[in-house]
Amino acid sequence: MQTRLDGRLFYWSLTSALAGFLFGFDTVVISGAEQTIQHIWGLTPGMHGIAMGAALYGTVVGSLIGSWPADRFGRRATLLAIGVLFLISALGCAFAPSVGLFIAARLIGGVGIGISTVAAPLYISEIAPPAQRGRLAAMFQFNIVLGIVIAFASNALLARVGPDAWRWMLGVAAVPSLVYTLMCLGLPESPRWLLTRKGDRSAALRVLAQVMRGATPAELDAAADAIVAASAEQTRHAGFWTWRLRVPIALAFLVAFFNQLSGINAILYFAPRIFAMTGLAPQAALLQSVGIGVTNLIFTFVGLGLIDRLGRRTLLIIGSIGYLLSLGGCAWAFFTHHESLVPALIFAFIAAHAVGQGTVIWVLISEIFPNRYRAAGQSLGSATHWVFAALLTTLFPLMVAAFHPGAIFLLFFFMMALQLVWVLTMVPETKGVPLEEIQRRLGLA
């Protein structure tokens, strides 16, 4: 495939990655409305927690079922359905007359988020040339972070529109949802899905001709034959939960596991509380939290530029070292009463995450499974990510109440030390390697 990035490929990848923008926006936009929602409906703390967590529950469900529509109906149709789910969710939240319908709308949006973490990286990895696959697939993560920052800004702008400001905050998500849905209409289907699931070689060759610009008919036929041959080999070893797939299964599970055991969700969701532990006033703590979003965006962009130059494994090593320095520093600062250093160390932690795990996770999972099992593998990694995200978010307030802050950061430090050992001993480099070749290197063909 070509080494120069084609504009059409970039547009297709960007369209798919915009599902990440909707993911980030939908996840965070609720923060500007949650207190008003509790007040107007008189919610008990328990019901309020259910209303706020509905999207997260939907996300777990969506990640578990996301491989089925991607394999059954195609990557393009699934991406299109994600936009429709987000659109229904945004309008449902904006016009919800009761908390029950509000919860249902948030649950629908969460399902869309979960499916997006399966379908979007999957689609990009299957259409992208090996030399650009990393940065194109990593655009999904960049758009998640961008959506988070835009949601914070949108909430701030809409906060003063009146007593129904919370409805505007949630409903405005319908605009990017509609734009994304319309853009998806212009996407071609994945050539690998056309060949391995639908058996439509002529349609696959037409898409491959657009992906491999300048390739001869013979080269296109050879590429199609390689995809079909790899799929035929996989068919002879039918079944996802097999010893044969143990390496990619372990890689997908562990990259998602370590992603959350770094403490990233706890720090993102509870940043004001963590900053308050250092003695910062509430307003200053909130401002520091906004700075986290900006730092995350900047360093995700850095990771985007490095992933196809340095490679996935190298970025994970760099991120792991950054984790150890920042988390170890936080633990030391809390134990030795140097809490004033914690905010700067938290910003360093966010930078390390954005360059390393944040950039790599969705790319690596989308690359390591054979064509026939890629959707199921993406679903495994995504579900692992969201299950541990839910557990960590639920348990973190209890951890803060029960343990010294230094001990909590020491736990995250220990987990990241294990991650570094895992990366150095088990994680392969997939930079610039065709998907079918990765399959061979992992002993799957």
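The rules behind each value
- Residues numbered from 1 in each chain as written.
- Predicted model: local features only at pLDDT ≥ 70, side-chain atom pairs only at ≥ 80, totals over all residues.
- Heavy atoms only, no water.
- Helix = DSSP H or I, 4+ residues; strand = E, 2+ residues; numbered from the N terminus.
- Expected span 1.5 Å × (residues − 1).
- Buried < 20%, exposed > 50% of the residue type's maximum accessible area, 1.4 Å probe, protein only.
- Phe/Tyr/Trp six-rings, centres within 6.5 Å; stacked < 30°, edge-to-face > 60°.
- Polar contact = N/O pair within 3.5 Å; in protein donor to acceptor, adjacent residues only side chain to side chain.
- Contact = heavy atoms within 4.5 Å.
- Core = buried A, V, L, I, M, F, W, Y, C linked by side-chain atoms within 4.5 Å.
- Salt bridge = Lys/Arg side-chain N within 4 Å of Asp/Glu carboxyl O.
- Patch = residues over 30% accessible without salt bridge, like charges linked within 9 Å, V, L, I, M, F, W, Y side chains within 5 Å.
- Areas by Shrake-Rupley, 256 points an atom, 1.4 Å probe, with all protein chains shown as cover.

Colleague: Help me get a handle on helix α13 (residues 246–261), residues and values and all.
Modeller: End to end, α13 covers 22 Å across 16 residues, agreeing with the expected 22 Å (1.5 Å per residue, within 8%). Among the residues of α13, those classed as buried are Pro-248, Ile-249, Leu-251, Ala-252, Leu-254, Val-255, Ala-256, Phe-257, Phe-258, Asn-259, Gln-260 and Leu-261. Immediately downstream of α13, the backbone of Gly-263 shows phi near 95 degrees, a positive value.

Colleague: With reference to specific residues and values, describe the packing of aromatic side chains.
Modeller: In total, this model carries 20 aromatic pairs according to the counting rule given. With 5.3 Å between their ring centres and 65 degrees between their planes, Phe-257 and Phe-258 make a pair best called edge-to-face. Each member of the pair, Phe-257 as well as Phe-258, is classed as buried. An angle of 85 degrees between the planes, with centres 5.1 Å apart, marks the rings of Phe-257 and Phe-388 as edge-to-face. A residue pair is termed long-range when its members are at least 10 positions apart, and Phe-257 in helix α13 and Phe-388 in helix α20 (residues 374–402) qualify at 131 residues. The buried category is assigned to Phe-257, whose relative accessible area is 18%. Grouping aromatic residues by their ring pairs yields a cluster made of Phe-253, Phe-257, Phe-258, Phe-388 and Trp-422.

Colleague: Describe the side chain of Thr-78, listing the residues and the values that go with them.
Modeller: Mapping Thr-78 onto the fold places it in helix α5 (residues 75–95). When its relative accessible area of 3% is taken as the criterion, Thr-78 is described as buried. Within the local environment of Thr-78, its side chain forms a polar contact with the backbone nitrogen of Ala-70, the two atoms lying 3.3 Å apart. Among the polar contacts listed, one links the side chain of Thr-78 to the backbone oxygen of Gly-74, at a separation of 2.8 Å. Look past the residues within four positions of Thr-78 in its chain and what remains in contact with it is Pro-69, Ala-70, Ile-115 and Ala-119.

Colleague: So what's going on with unusual backbone geometry? Residues and values would help.
Modeller: Leaving glycine aside, a negative phi is the common case for residues, and trans is the common case for peptide bonds. Positive phi, normally seen in glycine, also occurs at His-337, with a value near 60 degrees. Inspection of the secondary structure puts His-337 in the loop between α17 (312–335) and α18 (342–355).

Colleague: With reference to specific residues and values, describe the nonpolar core.
Modeller: For soluble globular proteins, nonpolar side chains are generally found buried alongside one another. Leu-79, Phe-102, Leu-170 and Phe-409 are the most contacted members of the largest nonpolar core, which totals 136 residues. Residue contributions to this core peak at 12 residues, all from helix α6 (residues 99–127). Beyond its immediate stretch of four places on either side in the chain, Phe-409 contacts Ile-267, Ile-274, Leu-327, Cys-330, Ala-331, Phe-334 and Ile-346.

Colleague: Account for the pattern of salt bridges, with residues named and values stated.
Modeller: For the structure on display, the rule yields 14 salt bridges. Two residues, Arg-197 and Asp-71, come together in a salt bridge whose shortest N-O distance is 3.3 Å. Taken together, the residues span a long stretch of sequence, with Arg-197 in helix α10 (residues 191–198) and Asp-71 in helix α4 (residues 67–72) at a distance of 126 residues. The exposure class of Arg-197 is partly exposed, given its relative accessible area of 34%. For Arg-201, the salt bridge identified is with Asp-221, shortest N-O distance 3.2 Å. Placement of Arg-201 in helix α11 (residues 201–211) and of Asp-221 in helix α12 (residues 217–235) is noted, with a sequence separation of 20 residues between them. One network of salt bridges, with partners in common, ties together Asp-71, Arg-75, Glu-126, Arg-197 and Arg-374.

Colleague: Just give me the short version of a nonpolar patch on the surface, but keep the residues and values in it.
Modeller: On the surface, Val-290, Val-294, Ile-298, Phe-299 and Val-302 cluster together into a nonpolar patch covering about 370 Å² of accessible area. Along the polypeptide, Val-290 turns up in helix α16 (residues 282–306). A relative accessible area of 45% places Val-290 in the partly exposed class.

Colleague: Lay out the environment of Ser-340 with the relevant residues and their values.
Modeller: The residue Ser-340 is located in the loop between α17 and α18 in this model. The sequence separation of Ser-340 and Val-255 amounts to 85 residues, and the corresponding C-alpha distance is 32 Å.

Colleague: I'd like a rundown of the side chain of Arg-192, residues and numbers included.
Modeller: Here Arg-192 shows up in helix α10. Side-chain polar atoms of Arg-192 contact the side chain of Glu-436, separated by 3.0 Å. Not counting residues up to four positions away in its chain, the partners in contact with Arg-192 are Glu-126, Arg-197, Ile-227, Asn-371, Arg-374, Leu-435 and Glu-436.

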